[in-house]
Amino acid sequence: MRLLICRETIKKKVEELGKDISSHYGEKPFTCLIILKGSTIFAADLIRSITSENMDIDFVRLSSYSGTSSTGNVEMSMAELNKFKDRHLLVVEDIVDTGNTLTHFMKTLENIGPASVKICSLLEKKEINQGKVKIDFLGFDIKNEFVIGYGLDMNERFRNLPDIMIYEGE
Ligand code: 5GP
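Model, not experiment: these values are computed from the prediction. (Residues numbered from 1 in each chain as written. Predicted model: local features only at pLDDT ≥ 70, side-chain atom pairs only at ≥ 80, totals over all residues. Heavy atoms only, no water.)

Some points on the sheet that holds strand β10 (residues 164-166)
Each strand in a sheet pairs with another by means of backbone hydrogen bonds, the pair being arranged parallel or else antiparallel.
Step number 1: Sheet architecture is open: 3 strands sit in the order β1-β10-β9, paired in antiparallel fashion. Across the chains shown, the open sheet's two edge strands, defined by having one partner strand only, are β1 (2-5) and β9 (147-148).
Step number 2: Pairing of β9 with β10 involves 2 bridges; the strand directions are antiparallel. Within β10, the residue paired with Val147 across the bridge is Ile166. (Pairing = 2+ DSSP bridges. Helix = DSSP H or I, 4+ residues; strand = E, 2+ residues; numbered from the N terminus.)

Description of the pairing of strand β2 (residues 30-36)
Step number 1: Counted residue by residue, β2 has 6 buried out of 7 residues, so it is predominantly covered.
Step number 2: Where β2 meets strand β3 (residues 55-61), 7 bridges bridge the pair, whose relative direction is parallel. Residue pairing for β3: Ile34 is matched across the bridge by Phe59.
Step number 3: The handedness of the β2 to β3 crossover, carried by helix α2 (residues 40-48), is right-handed.
Step number 4: When β2 meets strand β6 (residues 88-96), the two strands line up parallel, connected through 4 bridges. Bridged to Ile34 within β6 is Val92. (Buried < 20%, exposed > 50% of the residue type's maximum accessible area, 1.4 Å probe, protein only. Right-handed = clockwise from strand over helix to strand, strands pointing away.)

Observations regarding helix α4 (residues 100-112)
Side chains of residues three or four places apart in an α-helix project in the same direction, reflecting 3.6 residues per turn.
Step number 1: The terminal C-alpha atoms of α4, which comprises 13 residues, lie 19 Å apart, in line with the 18 Å expected from a rise of 1.5 Å per residue.
Step number 2: Those residues of α4 not exposed but buried are Thr101, Leu102, Phe105, Thr108, Leu109 and Ile112. The buried residues of α4 occupy an angular sector of 120° when projected down its axis, which confines them to one face. For α4, the exposed residues lying more than 90 degrees away from the buried face are Lys107, Glu110 and Asn111. (Expected span 1.5 Å × (residues − 1). Arc of directions from axis to C-beta.)

Quick look at the side chain of Ser49
Step number 1: Residue placement: Ser49 occurs in the loop between α2 and β3.
Step number 2: Polar side-chain contacts of Ser49 include one of 3.3 Å to the backbone oxygen of Val14.
Step number 3: Apart from the residues within four sequence positions on either side, Ser49 is in contact with Val14, Glu15, Gly18, Lys19 and Ser22. (Polar contact = N/O pair within 3.5 Å; in protein donor to acceptor, adjacent residues only side chain to side chain. Contact = heavy atoms within 4.5 Å.)

Structural notes on the site of the ligand
Step number 1: Surveying the vicinity of the ligand reveals 18 residues, the closest of which are Thr98, Gly99, Thr101, Val147 and Asp153.
Step number 2: Protein burial of the ligand: of its 510 Å² of free accessible surface, 95% is covered by the chains.
Step number 3: Elements that contribute at least two residues to the shell around the ligand include exactly β6 and α4.
Step number 4: At 4 residues, β6 tops the list of elements feeding residues into the shell around the ligand. (Near = heavy atom within 4 Å. Areas by Shrake-Rupley, 256 points an atom, 1.4 Å probe, with all protein chains shown as cover.)

Structure below.
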């Protein structure tokens, strides 16, 4: 594996994102909707850099990657999602690749009728997503390479790496 983004660079960027999100919402109540499992490490740092006193957090489980290719599965119950009606939502994602997962999820959310939906993603593969999913708060645009670490896995491994690394096989 090869280093792509080191922990110090991640830390600085997450603090900037927190500032931007704090000034966007001000005192308005909103929910950080954290997408399991990849976003957990990012979200843990991000929410602590948001200064709002009217924010809460929730979790949803969406797609799964099998090995290094996207399956695009979306698993979740509508009954559970209904609590977000009329709520301002900030969807927190680790990485947007093809954009399939979030495109599907945003359609599902629209049917619930939240007050607003914004997306924060730590990483985006812009050359793959090609603007399909509009990210309101983005950390880094990366090339089309499979990355691991800082919550991102390869078949459940490597989430614990503190830096973001390019996976090159073993
Ligand atoms: P998309 O539907 O945008 O193609 O993929 C989104 C999901 O695929 C992400 O939430 C993430 O779980 C997974 N994913 C996409 N690219 C990568 C990658 O480079 N590394 C890892 N570990 N997961 C990825």
